[in-house]
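Letter by letter, the chains look like this.
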Amino acid sequence: MVSQLGQFGFMAHTGCDSQARVRREPMDVRDKRNKTNLGGRRVRAIVGGAAALGIVLSACGPSLSLVTAPWGESQAVIRSALFGDRAATFDKPPRIRVDNGRIESVSVTGPNGRRVGGKLVGGGEIWELDTSDLEFGTKYKVTAKAVDLRGVESTANETFRTFEPEKVLTVTSDLSEDETYGVGMPITLTFDLPIKRKAEIEKRLRVETSGEPIEGAWSWDGDQSVTYRPRKYWSAKTDIKVAADLKGVNAGDDVYALENFRRSYSIGRRMILVQNSETHRLVVRRNGKVIRDIPSSTGKSGYATYSGIKVIMTKEPGPVVFDAATVGIQKGDPEYYRLLVYNVMRVTDSGEYIHSAPWSVGSQGYANVSHGCTNVSPENAAWLMDVVLIGDPVIFKNTGGSEVAPGNGITVWNESWDEWKAGSALQ
């Protein structure tokens, strides 16, 4: 016996052999029988309807057998590598999948009924957990429901426990929440332990800006620091959000961050300072217009100021003690000094500042007499303290000195764009 499944799930059985012979009748007899017994076209309508339902008529008997296929259990199978795991990691977002169906709902709860968020992906066949809601060393309960192609429901009740890292990674930044910075301020993230899997970390770093999209890139400086800068200075009046979704990510050598990192801040007006040591002038431009032309004095012969683009790093009203011993000039040397200085703006780690220098006012605008700093009058120094922001670029030209070394302060703008991008782990 051969069974055939129709379009609507009915089974019809044929009990005849494929070689069965059918006795043919004369045409007039068949026509007469059709008219008297079934009413002509009606038989063709009945046969046509049976074909549409996928029913097979037996050629060997008068009976028609209709059998409904059993519904049975759901064919949807819910599975996940999480289920039963006693040390589940989440380097990648944990997922719950369904085969032969679609997910209807997923509930993941931790202690005290705290729920873990998630979202449907993969056309409704995958539920992806939000790792930011997961805690380390915690047991979770999972209830997942799915339906197969017929709408029959399937349920899975499972548990898993997240792992506890032995080595914990801490992320910090020199950017303050809700602060306003100059257009030259890059984003630097610093890690307290070496990062071996730089690409895994970098691809989880995000920078969002208000206004039009910008072109920017991350670049690594060793194993514990990564910095983001746009191709050109930031646009004025830009809001910036930094996100490092590192929680649970293996940074290498089983080092994990316990928390994600977030920071929001703003870029202020466009302020750029240009120090020309040949003309002995410090020119300040705001939004493209000169707002102050300041007489200045930079490093003298033997103590030339570094050239290149530097960035205002700190602002200190003072008094700040300047001791020449910190730059290698010892007591007894004719060049030794120890001074109390006010209105100090740092531009290098090695000790270059823009600051008030009442002792050199007579040389400012005429000669370079400092030990590397940029001297301005007390009045101009106080004015600068009021108008500049941390992150404002300062371009030093014609100093007679070498270019500031990479990392001696904020020096990211001295690299070409191609050089900068080469420092990315994702290239």
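Quick note: structure is the one above.
None of these values were measured; they are calculated from a predicted model.

Trainee: Explanation requested: the side chain of Thr 305 in the structure shown.
Mentor: When you line up the elements, Thr 305 lands in the loop between strand 23 (289-295) and strand 24 (308-311). Excluding residues that lie within four positions of it along the chain, Thr 305 makes contacts with Thr 298, Gly 299, Lys 310, Glu 352, Gly 372, Cys 373, Phe 396, Thr 399 and Gly 401.

Trainee: In this structure, what is going on with the layout of surface pockets? I would like to understand it.
Mentor: The probe, sized like a water molecule, is rolled over the atoms to show the empty space still left. In this structure, the largest pocket encloses a volume near 700 Å³. Broken down by secondary-structure element, the contributors of at least two residues to the lining of the largest pocket are strand 13 (180-181), strand 16 (216-220), strand 17 (225-230) and strand 25 (314-316). For the lining of the largest pocket, a count of residues per class yields 13 nonpolar, 12 polar and 7 charged. By volume, the second largest pocket amounts to about 590 Å³. As for the second largest pocket, its lining consists of 25 residues, and the residues nearest its centre are Val 327, Tyr 337, Gly 351, His 371 and Cys 373. When contributions to the lining of the second largest pocket are tallied by element, the ones reaching two or more residues are strand 26 (320-323) and strand 29 (353-356). In terms of residue count, strand 26 provides more of the lining of the second largest pocket than any other element does, 4 residues in total.

Trainee: It is not clear to me how the pattern of salt bridges should be interpreted in this structure. Could you clarify?
Mentor: If the charged atoms of two oppositely charged side chains come close together, the side chains can form a pair. All told, the structure shown has 18 salt bridges when counted by the stated rule. Measuring nitrogen to oxygen at the nearest pair gives 3.5 Å for the salt bridge that ties Lys 247 to Glu 135. Taken together, the residues Lys 247 in the loop between strand 18 (239-244) and strand 19 (255-257) and Glu 135 in the loop between strand 8 (126-129) and strand 9 (139-147) connect sequence positions 112 residues apart. On the accessibility criterion, Lys 247 (3% relative accessible area) is buried. Among the salt bridges present, the one from Glu 215 reaches Arg 231, with a minimum N-O distance of 3.4 Å. In this pair, Glu 215 is assigned in the loop between strand 15 (205-209) and strand 16 and Arg 231 in the loop between strand 17 and strand 18, connecting sequence segments 16 residues apart. A network of salt bridges, in which partner residues are shared, links Arg 197, Glu 200, Lys 203 and Arg 204.

Trainee: What am I meant to see in unusual backbone geometry here?
Mentor: What is expected of a backbone is that most residues other than glycine have negative phi and most peptide bonds are trans. Cis geometry is found at the peptide bond from Gly 318 to Pro 319, where omega equals 5 degrees. The residue Pro 319 is located in the loop between strand 25 and strand 26 in this model. Residue Asn 100 is not a glycine yet carries a positive backbone phi of 60 degrees. Mapped onto the secondary structure, Asn 100 falls in the loop between strand 5 (95-99) and strand 6 (102-109). Judged by its relative accessible area of 51%, Asn 100 falls in the exposed class. Notably, Asp 178 is not glycine yet its phi reads approximately 65 degrees, a positive angle.

Trainee: Explain the sheet that holds strand 7 (residues 118-121) to me, please; I cannot follow it from the model alone.
Mentor: Strand pairs in the sheet, formed through backbone hydrogen bonds, run parallel or antiparallel to each other. Strand order in the open sheet formed by 4 strands is 4-5-8-7, with antiparallel pairing between adjacent strands. Two strands bound the open sheet, and with one partner strand each, they are strand 4 (77-79) and strand 7. Across the sheet, the mean angle separating the axes of adjacent strands is 20 degrees when strand polarity is ignored. Summarising the sheet, strand 5 and strand 8 pair through 3 bridges and their orientation is antiparallel. Across the sheet, the residue bridging to Ile 96 is Trp 127, located in strand 8.

Criteria and thresholds
- Residues numbered from 1 in each chain as written.
- Predicted model: local features only at pLDDT ≥ 70, side-chain atom pairs only at ≥ 80, totals over all residues.
- Heavy atoms only, no water.
- Helix = DSSP H or I, 4+ residues; strand = E, 2+ residues; numbered from the N terminus.
- Contact = heavy atoms within 4.5 Å.
- 1 Å grid on protein atoms, 1.4 Å probe; cavity = no way out; pocket = protein on both sides within 12 Å on 5 of 7 lines; lining within 4 Å.
- Points joined across faces, edges and corners; volume = space filled by probe spheres on them.
- Nonpolar A, V, L, I, M, F, W, Y, C, P; charged D, E, K, R; others polar.
- Salt bridge = Lys/Arg side-chain N within 4 Å of Asp/Glu carboxyl O.
- Buried < 20%, exposed > 50% of the residue type's maximum accessible area, 1.4 Å probe, protein only.
- Pairing = 2+ DSSP bridges.
- Axes fitted to C-alpha atoms, helices over the stretch in contact; angles between N-to-C directions.

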